[in-house]
There are 2 protein chains.
Amino acid sequence: MNPADRGAIREAAAPGPGGSVLADCSERDLIARIQRRLPPPPDWMTVGIGDDAAVVEPERNRLDVLSVDALVEGVHFDRAFTPPHAIGHRALAVNLSDLAAMGATPRLCLLSFVLPGGWPVADFEAMLDGLLALAARHRMHVAGGNLARSPGPLVIDITVSGTIKRRQIATRSGAFPGDELFVTGSIGAAAAGLEMLREENASGSPCAVRYLYPEPRLRLGQLVARNRAASACVDLSDGLADAVHRLAEASGVGAIVDDDELPIEPSARDWFEQRGANASLRAVTGGDDYELLLAVRPRGRRRLAQVTRHAGTRLTRIGVCTADRAVVLRSGPQNQRRDEPLPGGYGHFR
Amino acid sequence: MNPADRGAIREAAAPGPGGSVLADCSERDLIARIQRRLPPPPDWMTVGIGDDAAVVEPERNRLDVLSVDALVEGVHFDRAFTPPHAIGHRALAVNLSDLAAMGATPRLCLLSFVLPGGWPVADFEAMLDGLLALAARHRMHVAGGNLARSPGPLVIDITVSGTIKRRQIATRSGAFPGDELFVTGSIGAAAAGLEMLREENASGSPCAVRYLYPEPRLRLGQLVARNRAASACVDLSDGLADAVHRLAEASGVGAIVDDDELPIEPSARDWFEQRGANASLRAVTGGDDYELLLAVRPRGRRRLAQVTRHAGTRLTRIGVCTADRAVVLRSGPQNQRRDEPLPGGYGHFR
């Protein structure tokens with residue numbers, strides 16, 4: 001985002017007559033606004049939000065699954081077309097997606113907000129609404145948090161904790177040559193949605209909704225873990241191509257991804273093709289899909305089919321793991337198939 | 001920090017000949033730089049850094065203690081006089097101080113870094129050194145993390161997890177009227193040190209060192225918890241006055257703090273008085289001391305004395321909790337004592 005854009009956003013975000021901004025509030029008032037929205041703490045939360053630290057009882061016979069992820073204004077979202085409610089939803093969803101990839105059941109989160117003093121209180125409340133609605137849907141409790149003023153961008157950093165039985169853990173590193181690769185749902189929608197928002201502010205289009213309100217695949221991840229249907233699993237936060245690279249590298253395998261099999265969201269394909277872009281390349285390199293990539297042993301296919309029936313989530317076979325360490329995209333007409341290196345994902349610092 | 005200052009810092013932070021900045025690195029390279037520095041993971045860490053989430057075994061018969069805290073450039077530190085090594089140390093220390101206040105034993109942390117692309121890699125490494133040296137000293141393991149690019153300030157957000165036995169938890173809310181108030185170590189040093197750094201860049205002075213390298217009172221907090229020597233405990237992150245207000249409010253009591261008894265660091269007192277300031281007021285409102293404030297039942301004094309002997313930490317009685325809800329600072333010559341409201345602490349958004 002260039003500085004001129006950001007200036008425009010600041011103005012757009014200025015409060016209307018009578019509206020107040022965070023700088024008008026004490027930290028204590030803002031914490032009270034969060035506390036008011038929380039449901040009563042569960043029995044296992046011995047000390048909740050408001051003390052120096054939270055104290056929680058671990059769940060019996062289960063392991064803790066922990067992850068942290070930050071959304072940074074100007075890097076991961078743009079306030080010009082990301083409503084506060086969606087910022088809150090996305091900030092938690094990207095974390096829940098990590099729990100989904102491990103097969104974990106969400107339990108609690110800690111919220112760390114770094115917020116500009118000029119942010120309207122109404123936007124802060126809308127952000128909380130989006131975040132806490134998703135938390136409630138997955139029976140996840142807020143155990144604690146931190147508020148700090150930002151002299152620059154808005155940063156929402158969330159730590160999540162879930163639980164899992166030891167034998168159900170799904171990591172990135174368990175795939176073998178010969179395992180088939182499956183992806184949940186469809187890809188490319190969020191990347192197209194982000195372009196639609198940027199170019200046309202088309203916040204109502206299905207692709208834009210997929211970008212603004214990703215649905216982490218928690219139920220499928222948990223069913224896959226319980227049924228031990230996958231040898232490896234990773235989420236698609238930085239795009240399918242990046243996920244395939246990470247899974248292959250962690251597992252010490254290569255991969256062939258079949259261009260013809262990619263479950264590209266049709267309206268995203270149309271959007272990319274109307275702009276003369278290679279829809280497959282855009283869909284595999286586009287981030288923010290928050291689907292899951294699974295590696296499945298050939299003998300595990302039946303178990304996977306059972307999982308798919310129960311989860312109500314589409315799973316598409318997109319390729320296979322290989323002993324050769326190359327990671328390639330196979331495309332072209334049937335008698336002229338050719339392999340090209342699968343491009344890398346999104347590199348935050350490049 | 002005003003924008004002109006920040007520009008100057010950017011220039012000062014530009015790498016020398018042959019030096020590289022974070023923008024020259026891939027995210028994967030930066031993660032590898034963190035991983036290289038970590039000791040082997042302990043047995044209880046089933047999945048460590050590098051997967052979608054960490055998986056850890058809870059400690060038997062203990063509860064988890066969780067806290068999150070962020071250090072934001074331009075709000076909590078200034079790169080002009082805070083060396084990267086100290087930034088890393090402080091970012092973890094402020095979190096460990098929260099664990100100390102609960103009486104917990106540190107176990108693991110998750111690191112979330114939001115970093116400007118122009119930050120020199122050498123500074124990133126020095127920041128890690130400071131952070132990981134403190135983690136190692138307290139046998140704390142890094143379970144995971146997240147890296148994001150910042151279009152503005154540097155943000156270091158850390159989530160810590162420790163453990164404690166249920167009957168040992170020390171919260172803010174257990175104080176009764178008649179309980180005596182004690183504070184560890186001395187106060188005012190960090191606030192004076194920050195001024196010395198700002199005005200004279202006196203990074204070698206003892207007060208500046210106290211600001212740059214706070215030592216969380218973990219051992220004392222754990223001993224107090226084990227001996228159940230305190231009825232309530234809170235850390236001094238935002239100053240003694242703020243801590244007294246928080247403890248009093250959470251416990252539903254008032255407090256009288258005795259000005260004559262405040263353990264103000266002598267060199268800090270000299271610094272404030274040379275500038276014509278009221279040293280007591282500056283010391284009680286100054287933040288960043290990371291000492292502990294304890295409320296102790298009159299019959300608990302002997303147990304507290306035992307703890308003090310073992311911890312090797314000075315404890316000073318500074319006042320008493322009262323049934324009257326007012327929180328006051330009592331000062332003046334013996335026959336003309338007068339009470340004034342104890343000022344509030346540091347309000348992040350005011």
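Bear in mind the structure is a predicted one, so any value in this text is a computation, not a measurement. (Residues numbered from 1 in each chain as written. Chains lettered and ligands numbered in written order. Predicted model: local features only at pLDDT ≥ 70, side-chain atom pairs only at ≥ 80, totals over all residues. Heavy atoms only, no water.)

A. Highlighting the overall build of chain A. Scanning chain A from terminus to terminus reveals 11 helices and 13 strands. Counting only C-alpha atoms and orienting by the principal axes, one finds that chain A spans roughly 70 × 55 × 35 Å. Restricting to contacts in chain A with at least 6 residues of sequence separation, those with at least 24 account for 84%. Accessible surface for chain A amounts to roughly 13700 Å². Of this, 47% is attributable to carbon and sulfur atoms. The average position of the 41 basic charges and that of the 42 acidic charges among the side chains of chain A differ by 8 Å. (Helix = DSSP H or I, 4+ residues; strand = E, 2+ residues; numbered from the N terminus. Contact = heavy atoms within 4.5 Å. Areas by Shrake-Rupley, 256 points an atom, 1.4 Å probe, with all protein chains shown as cover. Lys, Arg positive; Asp, Glu negative; His and termini not counted. Charge placed at Lys NZ, Arg CZ, Asp CG, Glu CD.)

B. How the structure looks around the packing of helix H5 (residues 189-200) of chain A against helix H9 (residues 266-274) of chain A. Residues and elements named next belong to chain A. Two numbers describe how H5 lies on H9: the axes approach to 9 Å, and their chain directions differ by 55°. As the angle between them shows, H5 and H9 are arranged oblique. Between H5 and H9 lies a crossing of left-handed hand. Each of Ala189, Ala191, Ala192, Glu195, Met196, Glu199 and Glu200 in H5 lies in contact with H9, whose residues at this interface are Ser267, Ala268, Trp271 and Phe272. By residue class, the composition of the contact of H5 with H9 is seven nonpolar, one polar and three charged. (Axes fitted to C-alpha atoms, helices over the stretch in contact; angles between N-to-C directions. Parallel < 35°, antiparallel > 145°, perpendicular 65-115°, else oblique. Left-handed = near helix turned anticlockwise from the far one by under 90°. Nonpolar A, V, L, I, M, F, W, Y, C, P; charged D, E, K, R; others polar.)

C. How the structure looks around the relation of the copies chain B and chain A. For the pair chain B and chain A, the relating rotation is 180°, the translation along its axis is 0.0 Å, and the fit reaches an RMSD of 0.0 Å. With respect to symmetry, the two chain copies, as superposed, fit the operation of a two-fold axis. The C-alpha atom lying nearest the rotation axis in chain B is that of Gly152(B); the distance is 2.7 Å. Counting the interface residues of chain B, we find that 100% of their copies in chain A are interface residues as well, pointing to one common contact surface. (Least-squares fit on C-alpha atoms with pLDDT ≥ 70 in both.)

D. Region of interest: the sheet that holds strand S8 (residues 232-235) of chain B. All names here are of chain B. Pairing is mixed across the open sheet formed by seven strands, whose spatial order is S8-S10-S7-S11-S9-S12-S13. On the outer flanks of this sheet lie S8 and strand S13 (338-341), each paired with one strand and no other. For this sheet the average axis-to-axis angle between neighbouring strands, irrespective of direction, equals 30°. As paired strands, strand S9 (residues 254-258) and strand S12 (residues 327-331) are joined by four bridges and run parallel to one another. Bridge pairing in S12 links aspartate 258 to arginine 330. (Pairing = 2+ DSSP bridges.)

E. Layout of the interface of chain B and chain A. The interface is formed by 68 residues belonging to chain B together with 68 residues belonging to chain A. Both sides of the chain B and chain A interface together cover about 5600 Å² of buried area, and 59% of this is carbon and sulfur. Residue Arg172(B) is joined to Asp51(A) by a salt bridge in which the shortest nitrogen-to-oxygen separation is 3.6 Å. One can count 23 residue pairs in polar contact (both at pLDDT 80 or more) joining chain B with chain A. (Buried area = accessible area lost by both parts, 1.4 Å probe. Salt bridge = Lys/Arg side-chain N within 4 Å of Asp/Glu carboxyl O. Polar contact = N/O pair within 3.5 Å; in protein donor to acceptor, adjacent residues only side chain to side chain.)

F. Looking closely at the environment of Asn146(B). The residue Asn146(B) is located in strand S5 (residues 141-150) in this model. By relative accessible area, Asn146(B) is classed as buried at 14%. Along the primary structure Asn146(B) and Leu115(B) are separated by 31 residues, whereas in three dimensions their C-alpha atoms are 11 Å apart. At 3.5 Å, the side chain of Asn146(B) and the side chain of Asp69(A) are in polar contact. (Buried < 20%, exposed > 50% of the residue type's maximum accessible area, 1.4 Å probe, protein only.)

G. Region of interest: the packing of aromatic side chains. All names here are of chain A. One pass over the full model with this rule turns up two aromatic pairs over all chains. A ring pair is formed by phenylalanine 113 and phenylalanine 124, whose centres lie 6.3 Å apart and whose planes are at 90°; its orientation type is edge-to-face. Placement of the pair is phenylalanine 113 in strand S4 (residues 105-116) and phenylalanine 124 in helix H4 (residues 121-137), with a sequence separation of 11 residues. As far as the burial class goes, phenylalanine 113 and phenylalanine 124 line up, both buried. A cation sits over an aromatic face here: arginine 275 above tryptophan 271, 3.4 Å from the ring centre. (Phe/Tyr/Trp six-rings, centres within 6.5 Å; stacked < 30°, edge-to-face > 60°. Lys NZ or Arg CZ within 6 Å of the ring centre and 35° of its normal.)

H. Spatial organisation of the pairing of strand S6 (residues 155-164) of chain B. Residue and element names in this part refer to chain B. Burial analysis of S6 places 10 of its 10 residues in the buried class, which makes it a mostly covered element. Here strand S4 (residues 105-116) pairs with S6 via nine bridges, running antiparallel. When the sheet's bridge partners are listed, serine 112 is paired in S6 with aspartate 157.

I. A look at empty space enclosed by the protein. Taken as a whole, this structure holds two cavities of 30 Å³ or more when the rule is applied. Space inside the largest cavity adds up to approximately 100 Å³. In terms of lining residues, the largest cavity is bounded by Val56(A), Asp64(A), Leu66(A), Arg107(A), Leu108(A), Ser161(A), Val56(B), Asp64(B), Leu66(B), Arg107(B), Leu108(B) and Ser161(B). At the level of elements, strand S3 (63-72) and S4 of chain A together with strand S3 (63-72) and S4 of chain B are the ones that each hand at least two residues to the lining of the largest cavity. (1 Å grid on protein atoms, 1.4 Å probe; cavity = no way out; pocket = protein on both sides within 12 Å on 5 of 7 lines; lining within 4 Å. Points joined across faces, edges and corners; volume = space filled by probe spheres on them.)

J. Up close: the side chain of Asn95(A). Residues and elements named next belong to chain A. Mapped onto the elements of the fold, asparagine 95 is located in helix H3 (residues 84-102). Residue asparagine 95 is classed as buried on the basis of its relative accessible area, which comes to 0%. At a separation of 3.0 Å, a polar atom in the side chain of asparagine 95 contacts the main-chain carbonyl oxygen of alanine 91. Sequence-distant contacts of asparagine 95, that is, excluding residues within four places in its chain, are made with Ser67, Val68, Asp69, Ile158 and Val160.

K. Structural detail: the packing of helix H2 (residues 27-37) of chain B against helix H4 (residues 121-137) of chain B. Residues and elements named next belong to chain B. It is the contact of H2 with H4, at a shortest axis distance of 11 Å, that shows an interaxial angle of 35°. In the crossing of H2 with H4, the sense of the turn from one axis to the other is right-handed. Of the residues in H4, those in contact with Leu30, Arg33, Ile34 and Arg37 of H2 are Val121, Phe124, Glu125, Leu128, Asp129 and Leu132.

L. Focus on the confidence of the model for chain A. When pLDDT is averaged along chain A, the result is 91; 93% of the residues meet or exceed 70. Low confidence marks residues 1-17 of chain A, where pLDDT is under 50. Its contacts with residues over four positions away, or in another chain, come to 15 contacts. (pLDDT = per-residue confidence, 0-100.)

M. Region of the structure containing the sheet that holds S5(B). Reading across the sheet, the six strands line up as S1(A)-S2(A)-S3(B)-S6(B)-S4(B)-S5(B) and stay open at both edges, with mixed pairing between neighbours. Every interior strand has two partners, whereas the edge strands, strand S1 (45-47) of chain A together with S5 of chain B, have only one. Taken pair by pair, the neighbouring strands of this sheet meet at an average axis angle of 20°, ignoring direction. Bridge analysis of S3(B) against S6(B) gives 10 bridges, and the strand direction is antiparallel. Residue pairing across strands places Ser67(B) opposite Val160(B), the latter belonging to S6(B).

N. The arrangement of a positive patch on the surface in detail. A grouping of Lys165(A), Arg167(A), Arg219(A), Arg226(A), Arg228(A), Arg299(A) and Arg303(A) is seen on the molecular surface, where their side chains present a positively charged patch. Tracing the sequence through the fold places Arg226(A) in helix H7 (residues 218-226). (Patch = residues over 30% accessible without salt bridge, like charges linked within 9 Å, V, L, I, M, F, W, Y side chains within 5 Å.)

O. Molecular detail of helix H2 (residues 27-37) of chain A. Here H2(A) has its buried residues at Glu27(A), Leu30(A), Arg33(A) and Ile34(A). Buried residues of H2(A), seen end-on, are gathered within an arc of 125° and therefore sit on one face of the element. Exposed residues lying more than 90 degrees from the buried face of H2(A) are Arg28(A) and Arg36(A). As for H2(A), its buried residues are in contact with S4, H4 and strand S5 (141-150) of chain A together with helix H8 (240-251) of chain B. (Arc of directions from axis to C-beta.)

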